[in-house]
Each structure stands twice: as C-alpha cells, then as structure tokens.
Amino acid sequence: MNVAAFTQLFITEQQPGVWLITLNRPKALNALNQQVLEQLASAVAWIENQPDARVLLITGSGDKAFAAGADIVEMKDLNAQQARDFSQIGMTTMHRIENSRLPVIALVNGFCLGGGCELAMACDFILAADNAVFGQPEVTLGVPPGFGGSQRLPRRVGPGMAAQLLLTGEKIKADEALRIGLCNQVMPAEQLLERGVQMAAAIAKNAPLAVSHCKRLVQVSGDQNIENGCRMESDLFGLSFATEDQKEGMGAFTERRKAEFTGQ
C-alpha cells in the first residue's frame with residue numbers, strides 16, 4: 001500500500017523512526033466518518049510494517065480540532081443495525097491503535113470530543129495544546145459513546161469523574177483535563193508538534209522490545225490483580241534476556257557507550 005492511498009490522512013516521517021498521522025478533514029473539524037476510521041486502521045498497520053518504525057504520533061489538521069467527534073451527518077439517518085455496525089468499525093480502529101506494537105501518542109489541538117476523545121484515549125498517552133477542549137457529549141445527541149469512551153474514560157480518570165463527564169456531556173479545557181489525568185502535559189499550541197516529536201524521539205532511542213513490553217504491562221495492569229500482573233512482568237523480564245537488545249543495552253552501560261538497539 002502506498003501513502004498516497006490514504007486520502008483522508010497525511011502520513012509523514014518526522015525523523016527516523018517517528019511517524020505522524022494527521023487527520024485531514026479540517027472543514028469537517030476532522031470528524032471521524034467510516035472512511036477515516038478504516039484508513040486510520042490501515043495506516044497504523046502500514047506504519048508498523050516500516051522496518052525503522054519506533055513511535056507513532058496522531059494529530060488533526062488545522063488549528064480548530066484534533067477530531068470534533070464521529071461524523072453526525074453520516075450517522076443521523078442510520079437504523080439500529082447500521083449504527084451498531086458503524087460502532088464496531090470505530091471499535092476495531094480504536095483496538096487496532098491501542099494494540100499496536102508501537103507506542104502511540106495523541107497530539108490534541110482544539111476540539112477533542114466524542115469519537116475524537118475516544119481516539120485520543122486509545123493512544124498510550126495524550127499531549128494537549130492549551131486550546132484543547134475535551135468531552136464525551138454523546139448524551140446531548142441521544143446516544144451513549146460508541147467507540148469505547150464508556151470503558152476507557154473510567155480507566156483514565158476514575159469512575160466518578162468519568163460518570164460526571166459522560167452523564168452531563170460537559171466539555172472541559174486542557175488545564176482541567178490535565179488536573180484529572182486525562183492528558184499528560186499541556187503546552188502552547190505552536191509547541192505541540194515539537195514536543196510530541198521530542199518525546200517520541202526519547203522513546204525511539206530505547207530498546208523497542210522492552211518498550212513494547214512496558215506498553216503491554218501498563219495496559220493489563222487495570223484488568224487483573226497485582227500478583228498476576230507481577231507474574232507477567234517477571235515473565236517478560238526473563239524473556240528480554242534472550243534478546244540482542246538486552247545484551248547491547250547492558251553491554252553499552254558497562255562499556256560506557258551509547259547503546260544501538262535493533263529490536264532483536
């Protein structure tokens with residue numbers, strides 16, 4: 001597949017190993033229609049197949065929105081079965097991002113509502129511009145979230161705060177999103193991409209398999225008791241000693257030189 005095939009996205013390599021997907025529907029505030037969702041899932045798979053890929057960034061084009069939500073124009077006349085099918089397309093895309101072998105960072109600029117907030121939460125963590133606005137306002141449209149918001153939001157901010165946001169449909173600004181733990185950092189909008197690339201580069205220089213193990217361990221930490229989680233950690237810690245990256249990393253440390261990881 002060629003990058004040019006993704007008509008609703010821009011795909012660029014910001015520096016070696018650091019890839020950026022930009023949602024490209026600025027006139028629609030980057031709303032998530034079926035085509036965008038399907039192309040986004042395919043783009044993640046395409047980037048994962050690039051031999052040097054280490055980290056993925058996702059953002060929205062323009063200065064008004066990361067993604068203002070799922071496309072209401074496309075949704076409004078769906079029947080119940082069609083709506084469920086559309087939800088499943090969105091769910092598949094969010095799971096694809098969440099389960100990517102790559103760390104995925106959302107760079108949120110402007111509106112990040114409904115499906116857009118669900119997309120951001122499917123990423124490993126969120127960096128936000130100071131103009132970002134978050135929310136799950138689906139109840140104001142007569143529906144619950146459809147792309148995983150009811151499940152990921154409590155895991156991010158706790159059940160009480162999640163219930164408040166889901167039941168009221170209220171929108172919150174970046175500073176409040178930071179306070180409740182929905183995003184990790186807030187910065188001026190003009191610094192968002194630079195900070196994202198900087199953080200991605202810090203991740204990309206580390207051992208890819210170890211990074212992947214850390215991502216997986218964090219993901220499962222909320223779904224099992226601590227004994228099982230620690231057992232999984234021990235298993236992955238042990239397996240890492242069968243890798244070239246472990247030999248390189250510890251060898252470089254003892255030899256006082258910079259490690260050169262290959263993901264092997």
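None of these values were measured; they are calculated from a predicted model.

Engineer: Would you mind going over the sheet that holds strand β9 (residues 171–173) with me for this structure?
Structural biologist: Pairing between sheet strands relies on hydrogen bonds along the backbone, with the strands arranged either parallel or antiparallel. If you walk across this open sheet you meet the four strands as β4-β6-β8-β9, and the pairing is mixed. Both edges of this open sheet fall to β4 (65–67) and β9, since each of them pairs with a single strand only. For this sheet, the mean angle separating the axes of adjacent strands, direction not counted, is 20 degrees. Sheet topology note: the strand β6 (residues 111–113)/strand β8 (residues 133–135) ladder contains three bridges and is parallel. Each bridged residue has a counterpart across the sheet, and for cysteine 112 the counterpart in β8 is phenylalanine 134. Contacts from helix α4 (residues 115–122) reach β4, β6 and β8, with the element oriented near 90 degrees to β6.

Engineer: Explanation requested: the sheet that holds strand β5 (residues 104–108) in the structure shown.
Structural biologist: Taken in spatial order, the six strands of this open sheet run β1-β2-β3-β5-β7-β10, and their pairing is mixed. Each edge of the open sheet is held by one strand with a lone partner, namely β1 (9–15) and β10 (185–187). For this sheet, the mean angle separating the axes of adjacent strands, direction not counted, is 20 degrees. Alignment of β1 against strand β2 (residues 18–23), held across six bridges, turns out to be antiparallel. Among the inter-strand pairings, phenylalanine 10 is bridged to a residue of β2, identified as threonine 22. Taken strand by strand, helix α8 (residues 192–204) contacts β1, β2, β3 (55–60), β5, β7 (125–129) and β10, and its axis lies near 155 degrees from that of β7.

Engineer: How should I be thinking about the packing of aromatic side chains in this particular structure?
Structural biologist: The geometry of an aromatic ring pair is captured by the separation of the ring centres together with the interplanar angle, meaning the angle of the planes. One pass over the full model with this rule turns up three aromatic pairs. Ring geometry for phenylalanine 86 and phenylalanine 147: centres 5.6 Å apart, planes at 65 degrees, overall edge-to-face. With phenylalanine 86 in helix α3 (residues 80–98) and phenylalanine 147 in the loop between β8 and α5 (149–157), this pair connects stretches of sequence that are 61 residues apart. Residue class for phenylalanine 86 comes out buried when judged on its relative accessible area of 6%. Centre to centre, the rings of phenylalanine 237 and phenylalanine 241 are 5.1 Å apart; their planes meet at 65 degrees, and the pair counts as edge-to-face.

Engineer: Please explain the pairing of β3 as it appears in this structure.
Structural biologist: Taken residue by residue, a regular strand's side chains alternate between the two faces of the sheet. Most of β3 sits inside the fold, with six of its six residues counted as buried. Neither face of β3 is exposed, since Val55, Leu57 and Thr59 on one face and Leu56, Ile58 and Gly60 on the opposite face are all buried. Of the pairings in the sheet, the one linking β3 to β5 comprises three bridges and is parallel in character. Counterpart to leucine 56 in the pairing with β5 is valine 104.

Engineer: Mind showing me how you'd approach the packing of helix α9 (residues 208–220) against helix α10 (residues 226–240) here?
Structural biologist: Relative placement of two packed helices is described by the angle separating their axes and the distance separating the axes. The N-to-C vectors of α9 and α10 enclose an angle of 170 degrees; their axes lie 10 Å apart at closest approach. Accordingly, the angle class assigned to the pair α9 and α10 is roughly antiparallel. Between α9 and α10, the contacting residues are His213, Arg216, Leu217 and Val220 on the first element and Gly229, Met232, Glu233 and Leu236 on the second. Class assignment of the residues belonging to the contact of α9 with α10 gives a composition of four nonpolar, two polar and two charged.

The rules behind each value
- Residues numbered from 1 in each chain as written.
- Predicted model: local features only at pLDDT ≥ 70, side-chain atom pairs only at ≥ 80, totals over all residues.
- Heavy atoms only, no water.
- Pairing = 2+ DSSP bridges.
- Helix = DSSP H or I, 4+ residues; strand = E, 2+ residues; numbered from the N terminus.
- Axes fitted to C-alpha atoms, helices over the stretch in contact; angles between N-to-C directions.
- Contact = heavy atoms within 4.5 Å.
- Phe/Tyr/Trp six-rings, centres within 6.5 Å; stacked < 30°, edge-to-face > 60°.
- Buried < 20%, exposed > 50% of the residue type's maximum accessible area, 1.4 Å probe, protein only.
- Parallel < 35°, antiparallel > 145°, perpendicular 65-115°, else oblique.
- Nonpolar A, V, L, I, M, F, W, Y, C, P; charged D, E, K, R; others polar.

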